[in-house]
Amino acid sequence: MRAATTISLLAALGGAVAQEVYLGFNSGATTDSGATKTQDDFEKEFQAAQKLQHSPGLFNSIRLYTNIKPKTDNDPIEAFPAAVKTNTKLLLGMWCSGVGTIDNELTALEKAIEQYGKNFTDLVIGISVGSEDLYRVSESGIRNNAGKGQDAETIIAFIDSAREALKDTDLKDIPLGHIDTWTAWVNESNTDVIDRVDFVGANLFPYYEDDKGNDISNATTLFKDALNRTESAVGDKPVWITETGWPSTGPNFGQATATLENAQTYWNDVGCTLFGRRNTWYYILRDSNPDNEMKFALDPELDNKPIFNLTCPADSGAPASINNEESAAASITVSMMNTVALGLSMVFAMAAWIV
Ligand SMILES: *[C@@H]1O[C@H](CO)[C@@H](O)[C@H](O)[C@H]1NC(C)=O
Ligand SMILES: *[C@@H]1O[C@H](CO)[C@@H](O)[C@H](O)[C@H]1NC(C)=O
Ligand SMILES: *[C@@H]1O[C@H](CO)[C@@H](O)[C@H](O)[C@H]1NC(C)=O
Ligand SMILES: *[C@@H]1O[C@H](CO)[C@@H](O)[C@H](O)[C@H]1NC(C)=O
Ligand SMILES: *[C@@H]1O[C@H](CO)[C@@H](O)[C@H](O)[C@H]1NC(C)=O
């Protein structure tokens, strides 16, 4: 009886203390001019993410698209040591389109586990097998010349080989998922992929929904509707918001216009309703796709001074903005709070024993 009480109390407290909502940005393997990012580039980027002025929460997670350093067969991407150095949590990605196997992705990951050990694996919070592969083979992907993709059957085979390859490594218990556009998740042709993953990564860009009345004034409605339909299709699997954002420059798309004002409106009206409550990787701190004329970067110079004021509206429910001039003091406060939480959970556990 006593033991059971303690265990359930500990479980409840452990859950409360350990439960963390991830907050971060996407990060491509190259700069916006197509150059391979070095460890130094990644370090600057990850540091800038954590030090943004008036940041509504700490952006200390990064979603990657590949484990492979560009222009190599299977060398690990230099984002890994940069993450270790900056204590950045990683949502890993394996590039699955245009390949017959994911062996090179798995080899790069195994090399990184070997080289960096727990310093690296402790930072990994999820692994996505693929990125928008199902979208690229859909009607709209083909119409938009999105390039080579993969069908559901292939993605499932790749997920199975990733599970098999990781089962004896320190990453064996890390959630394995797939990231795709929300339209791919509501497509019944892809239901088997949902059954195979631990989490669903949804990319949602009302900006690109030119068939639905995508003026910025309708962005919140389009986002909520898309997320609702995704969650309805996905059932009880967790849905992570892996890409969302609105460009500040670039060509118009339907009724959508890329302006600084609209990028900020989208941040306030959509982003600020997610941060701190849902796992979110915003698109993007720094652009990395030279082929995309729309530019989404919030801090292209990586100087901690975002292109607009990131403070969320007071009634949005987002975390209060961090004054990064005092970031050192803030991180001390956070670690003190963690210590207090740990201490409290120990006190409760002891109290349960005494009762
Ligand atoms: C892990 O980090 C510690 C502390 O920085 C360092 O001493 C150790 O060499 C690192 N281990 C590996 C395998 O890189
Ligand atoms: C649904 O998926 C199938 C198979 O990939 C694809 O052919 C079809 O175009 C998709 N439908 C839509 C509306 O995207
Ligand atoms: C806004 O989006 C909804 C949902 O897709 C759509 O039905 C509606 O026509 C759009 N409104 C405008 C003003 O374009
Ligand atoms: C989607 O919206 C409908 C109508 O508002 C609601 O009944 C349903 O619970 C929502 N589904 C999810 C998964 O949020
Ligand atoms: C950003 O907004 C906050 C809250 O309104 C304000 O305190 C701060 O001075 C603003 N910062 C800049 C750089 O405009």
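- An unreviewed UniProt entry lists the chain under the name Glycoside hydrolase family 17 protein, with Trematosphaeria pertusa as the source organism.
- Under the UniProt heading Subcellular location (unreviewed entry), the entry covering the chain gives this text: "Secreted, Cell wall".

## Describing helix 3 (residues 79-86)
Next up, step 1: The element helix 3 is extensively covered by neighbouring structure, given that 6 of its 8 residues are classed as buried.
Next up, step 2: Considered for burial, the residues of helix 3 that qualify are Ala79, Phe80, Pro81, Ala82, Ala83 and Thr86.
Next up, step 3: For helix 3, the elements touching its buried residues are helix 2 (39-50), strand 2 (61-64), strand 3 (89-94) and helix 4 (103-121).
Next up, step 4: Following helix 3 by one or two positions, asparagine 87 has its phi on the positive side, about 55°.

## A look at the site of ligand 2
Next up, step 1: Surveying the vicinity of ligand 2 reveals the residues Val137, Ser138, Glu139, Asn187 and Ser189.
Next up, step 2: Residue glutamate 139 places a main-chain N or O atom 3.1 Å away from an oxygen atom belonging to ligand 2.
Next up, step 3: Serine 189 has a polar side-chain atom sitting 3.4 Å from an oxygen atom of ligand 2.
Next up, step 4: The fraction of the free accessible surface of ligand 2 (360 Å²) that becomes covered by protein chains is 57%.
Next up, step 5: Classifying every residue of the shell around ligand 2 by side-chain character gives 1 nonpolar, 3 polar and 1 charged.

## Digging into the packing of helix 3 against helix 4
Next up, step 1: For the pair helix 3 and helix 4, the least separation of the axes is 10 Å and the interaxial angle reads 20°. The angle between helix 3 and helix 4 falls in the class roughly parallel. Helix 3 and helix 4 meet at a crossing whose hand is left-handed. Residues Phe80, Pro81 and Val84 of helix 3 form the contact with helix 4, whose own contacting residues are Ala112, Tyr116, Asn119 and Phe120.

## Digging into the nonpolar core
Next up, step 1: Of all hydrophobic cores here, the largest spans 83 residues; its most connected members are Phe25, Leu92, Phe120, Ile127, Val193 and Trp267.
Next up, step 2: Per-element tally for this core: the top contributor is helix 7 (residues 152-166), with 7 residues.
Next up, step 3: If we ignore the near neighbours within four places in the chain, the residues touching leucine 92 are Leu64, Asn67, Phe80, Leu109, Phe120, Val124, Gly126, Ile127 and Ser128.
Next up, step 4: Counting 7 residues, the second-largest nonpolar core is a separate cluster that includes Tyr22, Leu91, Ile125 and Trp240.

Definitions and limits used
- Residues numbered from 1 in each chain as written.
- Chains lettered and ligands numbered in written order.
- Predicted model: local features only at pLDDT ≥ 70, side-chain atom pairs only at ≥ 80, totals over all residues.
- Heavy atoms only, no water.
- UniProt positions renumbered as here; feature names shortened; annotations may be inferred.
- Buried < 20%, exposed > 50% of the residue type's maximum accessible area, 1.4 Å probe, protein only.
- Helix = DSSP H or I, 4+ residues; strand = E, 2+ residues; numbered from the N terminus.
- Contact = heavy atoms within 4.5 Å.
- Near = heavy atom within 4 Å.
- Polar contact = N/O pair within 3.5 Å; in protein donor to acceptor, adjacent residues only side chain to side chain.
- Areas by Shrake-Rupley, 256 points an atom, 1.4 Å probe, with all protein chains shown as cover.
- Nonpolar A, V, L, I, M, F, W, Y, C, P; charged D, E, K, R; others polar.
- Axes fitted to C-alpha atoms, helices over the stretch in contact; angles between N-to-C directions.
- Parallel < 35°, antiparallel > 145°, perpendicular 65-115°, else oblique.
- Left-handed = near helix turned anticlockwise from the far one by under 90°.
- Core = buried A, V, L, I, M, F, W, Y, C linked by side-chain atoms within 4.5 Å.

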